[in-house]
Amino acid sequence: MTERVQKFLSSAGVASRRKAEEFIKSGQVLINGKKAKLGDKVDPAHDVVKVYGKLVKPAEEKIYLILNKPKGYVVSKSDPGGKKTVFSLLPEELRNKVWNIGRLDYDTEGLLILTNDGDLTQELAHPKFEHEKEYEASTQEAPTESQLEKLRTGVEISTGTTYPAQVKQRDGKVRITIHEGKKRQVRRMVSGVGLTLTALKRIRINKLNLPKDLPLGSYKLVKKEDIL
């Protein structure tokens, strides 16, 4: 069975499919000793594929895990500035087998999905699928109904007006559900309506909720059907 080389690389846990395409474009992927091109196909049972000189073997199994990210960690394999990364919270045998789907910024807590499944990465990361992401925001001021309505209908931020969001209040906090994934979007939305954010946590991606019994900094293995 042959498959596109970028799909093979993502399935093997090397990187997401988009990142694998970057490796190919930069000439760092070899198929049987020749530089790969986008669109090339490989037969994992017979072809020798290398990335940066390292042999790539097919993944034996798909891994799906969730992490309750604490504040003070970056979502990256490494950080040039020496900040702690979420991968340091995983056991060593998992760190190089999975990658993150999406990001949470340094000061945001909550649900993060890590996997070696390239197909799942594509589906959850692509905006056309409109998977929901729900956040719990704590604000310094009590929001007015006018501010909540602005969050619902769309907020003008530097990259344009946000799409309508689902917004409700519970236990003194604001729950915001969005389909987009603009950088620091919820933070900019809250600030855009004149509220001061004091804490932000992602509590749901699609149908997967952050377990209430999963401590900050801890991870848990899940199934693909728990996510989609």
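Structure first, text after, so check above.
First things first, this report covers the structure right here in the doc. All values derive from a computational prediction rather than experimental measurement.

### A short note on the overall build of the protein
Here is step 1 of the chain: What the protein contains, in helices and strands, is 7 helices and 17 strands.
Here is step 2 of the chain: Relative to its full complement of 228 residues, the protein shows a buried share of 45%.
Here is step 3 of the chain: Of the contacts made within the protein by residues no fewer than 6 positions apart, 62% connect residues no fewer than 24 positions apart.
Here is step 4 of the chain: When the accessible surface of the protein is summed, it comes to about 12600 Å², and 47% of that surface belongs to carbon and sulfur atoms.
Here is step 5 of the chain: Considering the protein, the positive charge centre built from 43 side chains and the negative charge centre built from 30 side chains are found 3 Å apart.

### Section: the packing of aromatic side chains
Here is step 1 of the chain: A complete count under the given rule lists 1 aromatic pair for this structure.
Here is step 2 of the chain: Taken together, a centroid distance of 5.6 Å and an interplanar angle of 90° make the contact between Phe-23 and Tyr-52 edge-to-face. Highlighted residues: Phe-23 in helix H2 (residues 17-25) and Tyr-52 in the loop between strand S5 (49-51) and strand S6 (54-55), separated in sequence by 29 residues.
Here is step 3 of the chain: Take Phe-23: its relative accessible area is 15%, and that puts it in the buried class.
Here is step 4 of the chain: Judged by its relative accessible area of 54%, Tyr-52 falls in the exposed class.

### Observations regarding the layout of surface pockets
Here is step 1 of the chain: Of the pockets and cavities examined, the second largest pocket occupies roughly 280 Å³.
Here is step 2 of the chain: What lines the second largest pocket is a set of 16 residues, and nearest its centre among them are Arg-175, Lys-201, Ile-203, Leu-210 and Lys-212.
Here is step 3 of the chain: Considering only residue class, the lining of the second largest pocket consists of 6 nonpolar, 2 polar and 8 charged.

### Considering the pairing of strand S13 (residues 166-170)
Here is step 1 of the chain: Sheet topology note: the S13/strand S14 (residues 173-178) ladder contains 5 bridges and is antiparallel. Residue pairing in the sheet places Gln-169 in a bridge with Val-174 of S14.
Here is step 2 of the chain: Connecting S13 to the antiparallel partner S14 that follows it, the hairpin turn spans 2 residues, and Asp-171 within it adopts a positive phi of roughly 55°.

### Looking at the pattern of salt bridges
Pairing is possible between side chains that carry opposite charge, provided their charged atoms lie close to one another.
Here is step 1 of the chain: Enumeration according to the criterion identifies 15 salt bridges in this entry.
Here is step 2 of the chain: The partner of Glu-136 in a salt bridge is Lys-201, and the shortest N-O contact between them spans 3.9 Å. With Glu-136 in strand S10 (residues 133-139) and Lys-201 in strand S15 (residues 197-205), the pair connects residues that are 65 residues apart, well separated along the chain.
Here is step 3 of the chain: Classification of Glu-136 by relative accessible area gives buried; the value is 12%.
Here is step 4 of the chain: With a relative accessible area of 27%, Lys-201 lands in the partly exposed category.
Here is step 5 of the chain: Linking Glu-180 and Lys-182 is a salt bridge whose minimum nitrogen-to-oxygen distance equals 3.5 Å.
Here is step 6 of the chain: Taken together, the shared-partner salt bridges in this structure form one network comprising Glu-132, Glu-134, Glu-136, Lys-173, Arg-175, Lys-201 and Arg-204.

### Overview of helix H4 (residues 118-125)
Here is step 1 of the chain: Inspection of H4 places Gly-118, Leu-120, Thr-121 and Leu-124 among the buried residues, and these make up the whole buried set. Taken around the axis of H4, the buried residues stretch over an arc of 160°, which confines them to a single face.
Here is step 2 of the chain: On its buried side, H4 packs onto helix H1 (5-11), H2, strand S7 (64-69), strand S8 (99-101), strand S9 (109-115) and helix H7 (224-227).

### A word on the pairing of S14
Here is step 1 of the chain: Most of S14 is tucked away, with 5 of its 6 residues classed as buried.
Here is step 2 of the chain: Relative to S14, S10 is paired through 5 bridges, and the arrangement is antiparallel. Across the sheet, residue Glu-136 finds its bridge partner in S14, namely Arg-175.

### Comments concerning the sheet that holds strand S2 (residues 29-31)
Here is step 1 of the chain: Read across the open sheet, the 4 strands follow the order S3-S2-S5-S6; overall the sheet is antiparallel. At either end of the open sheet lies a strand with only one pairing partner, and these are strand S3 (34-35) and S6.
Here is step 2 of the chain: In this structure, S5 lies alongside S6, joined through 2 bridges in antiparallel fashion. Across the sheet, the residue bridging to Val-51 is Lys-54, located in S6.

### Quick notes on the nonpolar core
Here is step 1 of the chain: Among the nonpolar cores identified, the biggest contains 30 residues, and Leu-114, Leu-151 and Ile-176 are the most heavily contacted of them.
Here is step 2 of the chain: Of all the secondary-structure elements, those providing two or more residues to this core are S7, S9, S10, helix H5 (145-153), S14 and helix H6 (185-192).
Here is step 3 of the chain: Discounting chain neighbours no more than four positions away, the residues touching Leu-151 are Ala-165, Val-167, Val-174, Ile-176, Met-189, Val-190 and Val-193.
Here is step 4 of the chain: Counting residues in hydrophobic clusters, the runner-up holds 15 residues, among them Leu-9, Ile-31, Ala-36 and Val-51.

About the thresholds
Each chain carries its own residue numbering, running from 1 in the written order of its sequence. Thresholds applied to this predicted model are a pLDDT of at least 70 for local features of residues and 80 or more for the giving and counting of side-chain atom pairs; totals over whole chains, interfaces and linings are not thresholded and use all residues. With hydrogens and water excluded, all non-hydrogen atoms of the structure serve as input to the side-chain values. Going along the chain from the N terminus, every DSSP run of H or I of four or more residues is numbered as a helix, and every run of E of two or more is numbered as a strand. Between buried and exposed lies partly exposed: a residue is buried under 20% and exposed over 50% of the maximum accessible area for its type, with that area taken using a 1.4 Å probe on protein chains only. Contacts were defined at the residue level, with two residues in contact if any of their heavy atoms lie within 4.5 Å. The accessible surface values rely on the Shrake-Rupley method and a 1.4 Å probe; as for residues, cover is taken only from the protein chains in view. Neither His nor the chain termini are counted; the positive set is Lys and Arg, and the negative set is Asp and Glu. Charge positions are represented by NZ for Lys, CZ for Arg, CG for Asp and CD for Glu. Stacked, edge-to-face and tilted labels apply to pairs of Phe, Tyr and Trp rings (six-membered ring for Trp) whose centres lie within 6.5 Å, assigned for plane angles under 30 degrees, over 60, and everything in between, in that order. Two kinds of site are reported from a 1 Å grid over the protein atoms alone, namely cavities, where a 1.4 Å probe fits but cannot get out, and pockets, open sets with protein on both sides within 12 Å along at least five of seven lines, and residues are called lining when an atom falls within 4 Å of a point. Grid points are joined across faces, edges and corners, and a volume is the space filled by probe spheres set on the points. Residues are grouped as follows: Ala, Val, Leu, Ile, Met, Phe, Trp, Tyr, Cys and Pro are nonpolar; Asp, Glu, Lys and Arg are charged; every other residue, Gly included, is polar. By the convention used here, strands pair only if DSSP detects at least 2 bridges between them. A pair is scored as a salt bridge if a Lys or Arg side-chain nitrogen falls within 4 Å of a carboxyl oxygen belonging to Asp or Glu. Here the arc refers to the set of directions running from the helix axis out to each C-beta atom. Among the buried residues, those of types Ala, Val, Leu, Ile, Met, Phe, Trp, Tyr and Cys that are joined through side-chain atoms within 4.5 Å form a nonpolar core.

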